[in-house]
Amino acid sequence: MKIDANTGLVLRNLLGEQTSSVPIWLMRQAGRYLPEYRKIRRSTGSFLDLCYSPKLAAEITLQPVRRFGFDAAILFSDILVIPDALGQRVSFEEGLGPILDPLTPQEPILPDAMDRLKNSSQNKLEAVYETIKRVAASKKNDCALIGFAGGPWTVATYMVEGRSSRDFQNIRRWATSHATSFEVLVDILTDATITHLDAQIDAGVEVLQLFESHAGVLDCFGFNQWVIKPTRRIVEQIKRKNPHIPIIGFPRGAGAQIPYYISETKVDAVSLDQSVPLNWASTEISKSFPVQGNLDPIYLLGGSESLHVHVNRVLSAFSDRPFVFNLGHGVNKETDPKSVERLVEIVRNYEQR
Ligand code: 1CP
């Protein structure tokens, strides 16, 4: 991608340029803390139906951009559209989150999974690409459109545990006791992720983010095997066709392994969760390497004074490198939109670079 006068701030920073204004977008910027989202959500059937309704999904993608003037729009979809498209039963239940029929080492493979994904006439994901086309056609030029997928490990946690988990016992036992069959699952997910991300680029996304939200439950052997290796293959394959689309990795909970993750996977930028100490990140991650993050979303639930203090801590820690302001994890659903407005204002007024 060539940077020109029309290139927006998110792309510039992700491509390694440090800009005087700091760009901002937030993980889960679309969702239940916004009344305009809740209104649409109430009037449609299931959460997945909403993900597969291009007109509504495009509208939801643009809602937070319109309201707050964010520098990026993230596609409204979910990481669990992949197991759904591979043929596993997925539903979302109020108060419980995602529910799936769990895979086991005894019944590990989704029959004809990849065939189903590739057969575009019955491919549910076509609706996601249609959403992207709609957003790309109506967003402003300097607002980057971000596509995404879950990392194969994180998606596999839901496929094996069947729901959100605290201890990840089933998947960790499978991965350690039956590593060969677990590798088959991770390989299928890696292929499916590459196919899905390639199609998102063809439809018009300009940036990709890989959400490895449950990377932090693995030991260092598992992290290498189930996070680093598949991520490296995804980045390599995407870059072969589209070398200029920046890829942001979000290895949540990876802590001291982050420099290793950066050098081994070849992602273009790293999104830091709030547990990563600012001074550590500042010295251990090369100054030319773009960073995104990492305000604790909890400050959006407190007073404006502490918000101010902690936003400024983050801004000054990363004022000497390419940087995109974000949270360390998604916006809480209890967040008052006014706090988000305040946050954007603080970041906009910070122009001392
Ligand atoms: O009831 C509702 O309205 C559904 C709430 C909701 C929303 C708004 C879910 C269910 N997913 C989403 C959208 C979503 N999910 C986006 C859209 C874009 C945006 O950021 O605004 C994205 C990027 C995701 C990604 C996602 N889904 C992740 C990775 C990021 C993270 O939060 O760690 C994960 C783990 C999921 C799974 C998921 N989807 C939804 C729930 C409740 C969960 C489980 C979360 C958990 O296990 O804690």
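In what follows, the accompanying structure is described.

Definitions and cut-offs
Residues numbered from 1 in each chain as written. Predicted model: local features only at pLDDT ≥ 70, side-chain atom pairs only at ≥ 80, totals over all residues. Heavy atoms only, no water. Helix = DSSP H or I, 4+ residues; strand = E, 2+ residues; numbered from the N terminus. Rg over C-alpha atoms; globule rule 2.2 N^0.38 Å. Buried < 20%, exposed > 50% of the residue type's maximum accessible area, 1.4 Å probe, protein only. Contact = heavy atoms within 4.5 Å. Areas by Shrake-Rupley, 256 points an atom, 1.4 Å probe, with all protein chains shown as cover. Lys, Arg positive; Asp, Glu negative; His and termini not counted. Charge placed at Lys NZ, Arg CZ, Asp CG, Glu CD. Axes fitted to C-alpha atoms, helices over the stretch in contact; angles between N-to-C directions. Parallel < 35°, antiparallel > 145°, perpendicular 65-115°, else oblique. Nonpolar A, V, L, I, M, F, W, Y, C, P; charged D, E, K, R; others polar. Near = heavy atom within 4 Å. Polar contact = N/O pair within 3.5 Å; in protein donor to acceptor, adjacent residues only side chain to side chain. Expected span 1.5 Å × (residues − 1). Salt bridge = Lys/Arg side-chain N within 4 Å of Asp/Glu carboxyl O. Left-handed = near helix turned anticlockwise from the far one by under 90°. Core = buried A, V, L, I, M, F, W, Y, C linked by side-chain atoms within 4.5 Å. Pairing = 2+ DSSP bridges.

## Side note on the overall build of the chain
Next, step 1: Each helix and strand in the chain was counted, giving 15 helices and nine strands.
Next, step 2: Taking 20 Å as the expected radius of gyration for a compact globule of 353 residues, we find that the chain reaches 19 Å, a close match to that expectation.
Next, step 3: Taken along the three principal axes of its C-alpha coordinates, the chain extends 60 × 45 × 40 Å.
Next, step 4: Of all 353 residues assigned to the chain, the portion counted as buried reaches 56%.
Next, step 5: Partitioning the contacts of the chain with sequence separation of at least 6, the portion at a separation of at least 24 is 73%.
Next, step 6: Summed over its atoms, the accessible surface of the chain is roughly 15200 Å², and 48% of this surface lies on carbon and sulfur atoms.
Next, step 7: Separation of charge centres in the chain, based on 39 positive and 40 negative side chains, amounts to 3 Å.

## Re the packing of helix α9 (residues 169-177) against helix α10 (residues 179-203)
Next, step 1: Where α9 meets α10, the axes come as close as 5 Å, and the angle between the chain directions of the two elements is 115°. One element, α9, and the other, α10, form an angle in the roughly perpendicular class. The segment α9 lies against α10, with I171, W174, A175, T176 and S177 engaging A179, S181, F182 and L185.
Next, step 2: For the contact of α9 with α10, a count of residues per class yields six nonpolar, three polar and no charged.

## So, the site of the ligand
Next, step 1: Near the ligand there are 23 residues, and of these R28, Y37, Y158, S164 and S213 occur at the shortest range.
Next, step 2: At 2.7 Å, a backbone N or O of R28 approaches an oxygen atom of the ligand.
Next, step 3: A distance of 2.6 Å separates an oxygen atom of the ligand from a polar side-chain atom of S164.
Next, step 4: For the ligand, whose unbound accessible area comes to 890 Å², protein coverage reaches 87%.

## Section: helix α7 (residues 126-138)
Next, step 1: Look at α7: 19 Å from first C-alpha to last across 13 residues, which is about the 18 Å you get at 1.5 Å a residue.
Next, step 2: Along α7, the positions that sit buried rather than exposed are A127, V128, Y129, T131, I132 and V135.

## A look at the pattern of salt bridges
Next, step 1: One pass over the full model with this rule turns up 16 salt bridges.
Next, step 2: Salt-bridge contacts for E17 lead to R12; the nearest nitrogen and oxygen are separated by 3.0 Å.
Next, step 3: What makes E17 partly exposed here is its relative accessible area of 27%.
Next, step 4: Across the pair K139 and E206 runs a salt bridge whose closest N-O atoms are separated by 3.2 Å. Within this pair, whereas K139 is found in the loop between α7 and β4 (144-150), its partner E206 is found in the loop between α10 and β5 (207-212), the two being separated by 67 residues in sequence. As far as burial versus exposure is concerned, K139 and E206 are alike and both buried.
Next, step 5: Linked through salt bridges whose partners overlap, the residues forming this network are D187, D191 and R233.

## Concerning the packing of helix α11 (residues 220-241) against helix α12 (residues 258-265)
Next, step 1: At a closest axis distance of 9 Å, the pairing of α11 and α12 adopts a crossing angle of 35°. Like other packed secondary-structure pairs, α11 and α12 cross with a definite hand, here right-handed. Here α11 contributes F223, N224, V227, I228, T231, R232 and V235 to the contact with α12, which in turn contributes Y260, Y261, E264 and T265.

## Regarding the nonpolar core
For soluble globular proteins, nonpolar side chains are generally found buried alongside one another.
Next, step 1: Formed by 124 residues in total, the largest nonpolar core has its most connected members in F182, F325 and L343.
Next, step 2: Counting residues per element, this core draws most heavily on α10, which supplies eleven residues.
Next, step 3: For F182, the contacting residues outside a window of four places in its chain are W153, A156, I171, W174, A175 and W226.

## Section: the sheet that holds strand β1 (residues 72-74)
Pairing between the strands of a sheet is mediated by backbone hydrogen bonds and can be parallel or antiparallel.
Next, step 1: The parallel open sheet is built from seven strands, whose spatial order is β1-β4-β5-β6-β7-β8-β9. Of all strands in the sheet, those with a lone pairing partner are β1 and β9 (323-327), marking the two edges. Taken over all neighbouring pairs, the strand axes of this sheet differ in orientation by 25° on average, direction set aside.
Next, step 2: The sheet contact formed by strand β8 (residues 291-295) and β9 spans five bridges and is parallel. Its bridge partner lying in β9, N294 is registered against N326.

## Description of the side chain of D78
Next, step 1: Topologically, D78 is positioned in the loop between β1 and α5 (81-85).
Next, step 2: Among buried charged residues, D78 stands out as having no salt bridge; its nearest opposite-charge side chain is R28, 4.6 Å away.
Next, step 3: A distance of 3.0 Å separates the side chain of D78 from the backbone nitrogen of L80, its partner in a polar contact.
Next, step 4: If we skip the residues at most four places from it in the chain, D78 touches F47, C51, F92 and F148.

## Thoughts on the environment of L34
Next, step 1: With respect to the helices and strands, L34 occurs in the loop between α1 (9-14) and α2 (35-43).
Next, step 2: Residue classification places L34 among the buried residues on the basis of a relative accessible area of 0%.
Next, step 3: In this structure L34 touches Q29, P64, R67, F68 and P337, once residues within four positions along its chain are discounted.

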